[in-house]
Amino acid sequence: ATLEASADPVNSWAMWSYDGQVKYRTSQTDEGAGSNHRLHNRGDEVVGAGSDYNLTASYALATFGTTPVLELPTPGTYLIGATVTIDAGAADGDAYAAKLYNVTAAADIAGSENTISNIPTLERGQITLTSVLTAAAPSDIQIMAINTSSPRGSVDSEQTKLWYVRLH
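Residues numbered from 1 in each chain as written. Predicted model: local features only at pLDDT ≥ 70, side-chain atom pairs only at ≥ 80, totals over all residues. Heavy atoms only, no water.

1. Topic: the overall build of the chain
Stage number 1. Scanning the chain from N- to C-terminus turns up 0 helices and 15 strands.
Stage number 2. Taking 2.2 N^0.38 as the reference for a compact globule, 168 residues should give roughly 15 Å; the C-alpha atoms of the chain span a radius of gyration of 20 Å, well beyond that estimate.
Stage number 3. The buried share of the chain, taken over its 168 residues, is 40%.
Stage number 4. When the accessible surface of the chain is totalled, it reaches about 8,700 Å², and 49% of it is carbon and sulfur. (Helix = DSSP H or I, 4+ residues; strand = E, 2+ residues; numbered from the N terminus. Rg over C-alpha atoms; globule rule 2.2 N^0.38 Å. Buried < 20%, exposed > 50% of the residue type's maximum accessible area, 1.4 Å probe, protein only. Areas by Shrake-Rupley, 256 points an atom, 1.4 Å probe, with all protein chains shown as cover.)

2. Focus: the pattern of salt bridges
Stage number 1. One pass over the full model with this rule turns up 6 salt bridges.
Stage number 2. Between Arg124 and Asp87 there is a salt bridge, with the nearest N and O atoms lying 2.7 Å from each other. Taken as a pair, Arg124 in strand β12 (residues 124–135) and Asp87 in strand β8 (residues 76–87) lie far apart in primary sequence, 37 residues in all.
Stage number 3. Among the residues examined, Arg124 registers a relative accessible area of 46% and is labelled partly exposed.
Stage number 4. Looking at Asp87, the relative accessible area reads 17%, which means it is buried.
Stage number 5. In this structure, Arg124 engages Asp156 in a salt bridge whose closest nitrogen and oxygen atoms are separated by 2.6 Å. Of this pair, Arg124 sits in strand β12 while Asp156 sits in the loop between β14 (154–155) and β15 (161–166), and the two are 32 residues apart along the sequence.
Stage number 6. If you follow the salt bridges from partner to partner, you end up with Asp87, Arg124 and Asp156 in one network. (Salt bridge = Lys/Arg side-chain N within 4 Å of Asp/Glu carboxyl O.)

3. Examining the nonpolar core
Stage number 1. With 28 residues, the main nonpolar core has Leu72, Ile80, Val84 and Ile141 as its most contacted residues.
Stage number 2. For this core, the secondary structure elements donating two or more residues are β7 (70–72), β8, β9 (95–102), β12, β13 (139–147) and β15.
Stage number 3. No other element matches β8, which puts 5 residues into this core.
Stage number 4. Setting aside chain neighbours within four positions, we find Ile80 in contact with Leu70, Leu72, Leu100, Ile109, Leu129, Thr130, Ser131, Leu133, Ile141, Trp163 and Tyr164. (Core = buried A, V, L, I, M, F, W, Y, C linked by side-chain atoms within 4.5 Å. Contact = heavy atoms within 4.5 Å.)

4. Quick look at the sheet that holds strand β1 (residues 13–18)
Stage number 1. In spatial order, the strands read β1-β2-β3; together these 3 strands make up an open sheet with antiparallel pairing. Of all strands in the sheet, those bounded by a partner on one side alone are β1 and β3 (37–38).
Stage number 2. Judged from the 6 bridges that link them, β1 and strand β2 (residues 21–26) form a sheet pairing that is antiparallel. Paired with Met15 across the strands is Tyr24, a residue of β2. (Pairing = 2+ DSSP bridges.)

5. Section: the packing of aromatic side chains
The relation between two aromatic rings is expressed through the spacing of the ring centres and the mutual angle of the planes.
Stage number 1. Scanning the model with the defined rule gives 1 aromatic pair in all.
Stage number 2. The interplanar angle of 85 degrees and the centroid separation of 5.2 Å between the aromatic rings of Tyr78 and Tyr164 together place this pair among those described as edge-to-face. Of this pair, Tyr78 sits in strand β8 while Tyr164 sits in strand β15; the two residues are 86 residues apart in sequence, bridging distant segments of the chain.
Stage number 3. Given the relative accessible area of 0%, Tyr78 is considered buried.
Stage number 4. Over the ring of Tyr59 we find Lys99; its NZ or CZ atom is 4.0 Å from the centre of that ring. (Phe/Tyr/Trp six-rings, centres within 6.5 Å; stacked < 30°, edge-to-face > 60°. Lys NZ or Arg CZ within 6 Å of the ring centre and 35° of its normal.)

6. A short note on unusual backbone geometry
Stage number 1. For Asn118, which is not glycine, the phi torsion reads 60 degrees and is therefore positive.
Stage number 2. With respect to the helices and strands, Asn118 occurs in the loop between β11 (114–117) and β12.
Stage number 3. Judged by its relative accessible area of 56%, Asn118 falls in the exposed class.
Stage number 4. The phi dihedral of Leu122 is positive, around 60 degrees, even though this residue is not glycine.
Stage number 5. Here Leu122 lies in the loop between β11 and β12.

Following this line, the structure appears as structure tokens:
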């Protein structure tokens, strides 16, 4: 049994509360007809802490003293983003890359990879990642990073964060 609306109202809207969430459904196509919606979106942000992650020449999870794990709480569609702060190694011209990884599904999040290069020696740069993900179940999201040139440089733990906004 469900306590969700199963059809659009006729020339109207319907609103109800279920499991502590206010939801609505409408008959107008441009307002989301055809499905149940939350009245407001949810969001969250996590930041790393502790020791920085030393980059390798192959993709790996960026692990810190406290690794930021973004927990998507329910099935749904999410806008996910991350700021990955790179401390360059001892060589100019390296190329660094990062991507979002769904640990629960053991899969890269398609289209989330981004790169930065030519950070001067021992200076800092940032990689911004964004993606829309439809998760079929609650999921844990983490960052994977690489120095594509050589195993040097690091991901700064306290300047690296993940966030989401639940879209529906």
